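Letter by letter, the chains look like this.
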Amino acid sequence: MGFTPTHLFQKENVIIVEAVIVFLFGLLFGSFANVCIYRLPRNESIVFPASHCPACNNLIPWYDNIPVLSFMLLRGKCRSCKQSISWRYPVVELITGILFSALYLKYYFTFYFWLYALVSLALVVITFVDLQEQIIPDELSYGLMVAGTVFSFFNNDLYLQIIFYFPPVLNRLVASYVGLLVGGGILYFIAWISRGGMGGGDIKLAAGLGTFLGWENTLMMLGISFLFGGVVGVVLLLSGKKKRKDPIPFGPFIAAATIVVILFNDQLSSLVMKYFIF
Ligand SMILES: [Zn+2]
């Protein structure tokens with residue numbers, strides 16, 4: 001078999017090319033996430049003004065603002081004042097790029113790709129704001145609740161057997177709200193019995209994500225987030241980096257667990273079927 005140009009358009013090649021393009025777009029959205037991470041906790045507009053160096057306030061020209069590449073070319077220093085640029089910038093861009101291409105490889109360009117790309121972008125912002133400021137901006141949690149409710153009309157994964165006689169659109173809407181109540185309710189209960197071990201920001205975030213995930217995946221997400229939080233908590237205690245009373249932000253664990261559920265829900269539910277349901 002000789003090489004013909006049609007080989008280039010085989011399905012696998014198209015998927016690879018599209019995954020790379022999605023990755024590059026992900027880097028750009030990661031750049032936008034960086035703007036949000038810096039400006040949302042300061043209550044600054046995320047649109048204006050254009051990017052400037054936080055140290056010397058100089059405007060950053062477009063060629064110094066290319067995701068990841070500019071950071072490497074500038075060796076992590078501002079061109080005008082030579083102050084170090086935080087490693088957070090390229091890391092956030094790379095994480096967003098990788099998440100977007102992973103979503104593409106699972107969902108291709110279906111409705112779920114766009115839905116979960118939006119959710120992932122919000123989760124990247126939430127993770128880094130929570131790590132730095134120990135808060136989860138309400139705009140983002142409420143935004144997730146509103147978006148999750150609106151998109152529930154198109155989300156076939158949301159379905160409640162118990163109200164099978166409801167018209168599908170209404171069924172999905174109710175399923176979305178049940179997800180909200182399960183996510184918010186469980187963390188609210190934990191906050192109540194642990195007397196402040198869980199913040200209001202975490203409760204609102206889990207409620208917002210519940211509108212996308214529905215109650216089953218929300219339970220799975222919370223279980224995984226406690227697992228992650230427990231493991232990291234023990235490691236931080238044993239390594240002496242944190243003391244027993246030191247607060248550890250929980251938002252990043254919720255975010256990581258949600259990503260795991262979004263990317264591996266099929267494998268996770270067959271695992272649950274196999275070991276927990278007899
Ligand atoms: Zn500077």
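As the structure is a computational prediction, the values presented were derived from the model and not from experiment. (Residues numbered from 1 in each chain as written. Predicted model: local features only at pLDDT ≥ 70, side-chain atom pairs only at ≥ 80, totals over all residues.)

Draft legend 1. Representation of helix H3 (residues 88-107) within the structure. If you check H3, its first and last C-alpha atoms are 28 Å apart, about what 20 residues at 1.5 Å a residue would give, namely 28 Å. On its buried side, H3 packs onto helix H1 (11-39), helix H2 (69-73), helix H4 (111-133) and helix H8 (251-276). (Helix = DSSP H or I, 4+ residues; strand = E, 2+ residues; numbered from the N terminus. Expected span 1.5 Å × (residues − 1). Contact = placed C-beta atoms within 7 Å.)

Draft legend 2. Here's a closer look at the nonpolar core. Counting residues in each nonpolar core, the largest one holds 51 residues, and the members touching the most others are Ala-33, Ala-122, Val-124, Val-125, Ile-126, Ala-206 and Met-221. Residue assignment for this core shows that the elements contributing at least two residues are H1, H3, H4, helix H5 (138-151), helix H6 (168-193), helix H7 (200-238) and H8. Counting residues per element, this core draws most heavily on H4, at 12 residues. Looking at this core, you find at least three residues from each of domain 1 (6-109) and domain 2 (111-278). (Core = buried A, V, L, I, M, F, W, Y, C linked by C-beta atoms within 7 Å. Buried ≥ 20, exposed ≤ 12 C-beta atoms within 10 Å, placed from the backbone. Domains from an automatic or database assignment.)

Draft legend 3. Highlighting the environment of Gly-240. Among the structural elements, Gly-240 can be located in the loop between H7 and H8. Taking the C-alpha atoms as reference points, Gly-240 and Phe-276, separated by 36 residues in sequence, lie 36 Å from one another.

Draft legend 4. Just the packing of H5 against H7, in detail. Close contact between H5 and H7 brings their axes to 7 Å; oriented N to C, the two are set at 20 degrees. Considering their axes alone, H5 and H7 lie roughly parallel with respect to each other. When the axes of H5 and H7 are compared, the crossing they make is left-handed. Residues Asp-138, Ser-141, Leu-144, Met-145, Gly-148 and Thr-149 of H5 touch H7, and the partners they reach there are Gly-201, Lys-204, Leu-205, Ala-207, Gly-208, Leu-209, Thr-211 and Phe-212. For the contact of H5 with H7, the class distribution of residues is 6 nonpolar, 6 polar and 2 charged. (Axes fitted to C-alpha atoms, helices over the stretch in contact; angles between N-to-C directions. Parallel < 35°, antiparallel > 145°, perpendicular 65-115°, else oblique. Left-handed = near helix turned anticlockwise from the far one by under 90°. Nonpolar A, V, L, I, M, F, W, Y, C, P; charged D, E, K, R; others polar.)

Draft legend 5. Structural view of the domain arrangement of the chain. Domain boundaries in the chain define domain 1 (6-109) and domain 2 (111-278). Here the C-alpha centroids of domain 1 and domain 2 sit 25 Å apart. Among the secondary structure elements, those contributing two or more residues to the side of domain 1 that touches domain 2 are H1 and H3. Ranked by residue count, the leading element in the side of domain 1 that touches domain 2 is H3, at 11 residues.

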